[in-house]
Amino acid sequence: MIKLKCKGEELMKISTEYRRGILFIRPLGRIDDNEFLNKVNEIIDWFGIKYIVLNISNLDYISLSSIKYITNYNNEILKKKKHLLICDSRLRMNRLFNIIPNISNELEAFSLI
């Protein structure tokens, strides 16, 4: 579990799990800046992971700048021959991430690889 803090206050927790070639990233709390994705990028590059599922179902908030950063980040991922999927079981943000493949639960990811 990775914890991100700002001025001593915990902003979010990130749990990760690697199964059958897929890295599942599950942020909890708020994404207000790009520090979250910088941490994710470190993890992906370090392990040489090709498939990433970003599960946003348990987010309380995600800023518009973070949404833009994620969509731009997807372009970078594709250049590295990697794949990003957005998992949102509550289907709140599917339209915002219309250029990134969406799944409604993590199990769907196994059928896509």
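Notes on the structure in this doc start here. Residue numbers run consecutively from 1 along every chain, following the written order of its sequence. Given that this is a predicted model, residues contribute local features only at a pLDDT of at least 70 and side-chain atom pairs are listed and counted only at 80 or more, while totals for whole chains, interfaces and linings are drawn from all residues. Side-chain calculation: all heavy atoms of the structure are included, whereas hydrogens and water are not.

1. Some details on the overall build of the chain
Okay, so step 1: Within the chain, the regular secondary structure consists of three helices and seven strands.
Okay, so step 2: Starting at the N terminus, helices and strands are each numbered in turn, a helix being any DSSP run of H or I of at least four residues and a strand any DSSP run of E of at least two. Each helix (α) and strand (β) of the chain, taken in turn from the N terminus, gives the series β-β-β-α-β-β-α-β-β-α.
Okay, so step 3: The classification of residues rests on relative accessible area computed with a 1.4 Å probe and restricted to protein chains. Under 20% of the type maximum is buried, over 50% is exposed, and intermediate values are partly exposed. Classification of the 113 residues of the chain by burial places 42% in the buried group.
Okay, so step 4: Whether two residues are in contact is decided by their heavy atoms: any pair within 4.5 Å suffices. By sequence separation, contacts in the chain at least 24 residues apart represent 60% of the contacts at least 6 residues apart.
Okay, so step 5: Only the protein chains shown count as cover for residues, and all accessible areas are computed by the Shrake-Rupley method using a 1.4 Å probe. Of the accessible surface of the chain, which amounts to about 6600 Å², a share of 51% is contributed by carbon and sulfur atoms.

2. Some remarks on helix α2 (residues 64-79)
Okay, so step 1: Its 16 residues give α2 an end-to-end C-alpha distance of 23 Å, which sits within 8% of 22 Å, the value for a rise of 1.5 Å per residue.
Okay, so step 2: Listed in full, the buried residues belonging to α2 are Ser66, Ile67, Ile70, Thr71, Tyr73, Asn74 and Ile77. Along the axis of α2, the buried residues cluster in a sector spanning 160 degrees; they form a single face. In α2, those exposed residues whose orientation departs by more than 90 degrees from the buried face are Leu64, Lys68 and Lys79.
Okay, so step 3: Lys81 lies just past α2 and shows a positive phi near 60 degrees. Expected helix span is given by 1.5 Å per residue-to-residue step, counting one fewer step than there are residues. Comment: arc refers to directions from the helix axis out to C-beta atoms.

3. Observations regarding the pairing of strand β3 (residues 22-31)
Okay, so step 1: Here β3 lies mainly inside the structure; eight of its 10 residues are buried.
Okay, so step 2: When DSSP finds two or more bridges between two strands, those strands count as paired. The sheet contact formed by β3 and strand β4 (residues 51-55) spans four bridges and is parallel. Its bridge partner lying in β4, Ile25 is registered against Leu54.
Okay, so step 3: By the bridge criterion, three bridges tie β3 to strand β5 (residues 59-62) in an arrangement that is parallel. Opposite Ile31, over in β5, you have Ile62 as the bridge partner.

4. Remarks on the packing of aromatic side chains
Okay, so step 1: What counts as a ring pair is set by centres within 6.5 Å for rings of Phe, Tyr and Trp (its six-membered ring), and what kind of pair is set by the plane angle: stacked under 30 degrees, edge-to-face over 60, tilted for all other angles. Throughout the structure, instances matching the rule amount to one aromatic pair.
Okay, so step 2: Between the aromatic rings of Phe24 and Phe110, the centroid separation amounts to 5.7 Å while the plane-to-plane angle is 55 degrees, which identifies the pairing as tilted. You can see Phe24 sitting in strand β3 and its partner Phe110 sitting in helix α3 (residues 108-112), a full 86 residues away along the chain.
Okay, so step 3: For Phe24, a relative accessible area of 0% gives the class buried.
Okay, so step 4: In this scheme, Lys NZ or Arg CZ marks a charge over a ring once it lies within 6 Å of the ring centre and within 35 degrees of the ring normal. Looking at Arg19, its charged tip hangs above the ring of Phe24, at a distance of 4.8 Å from the centre.
Okay, so step 5: Against the face of Phe110 rests Arg20, its NZ or CZ located 4.2 Å from the ring centre.

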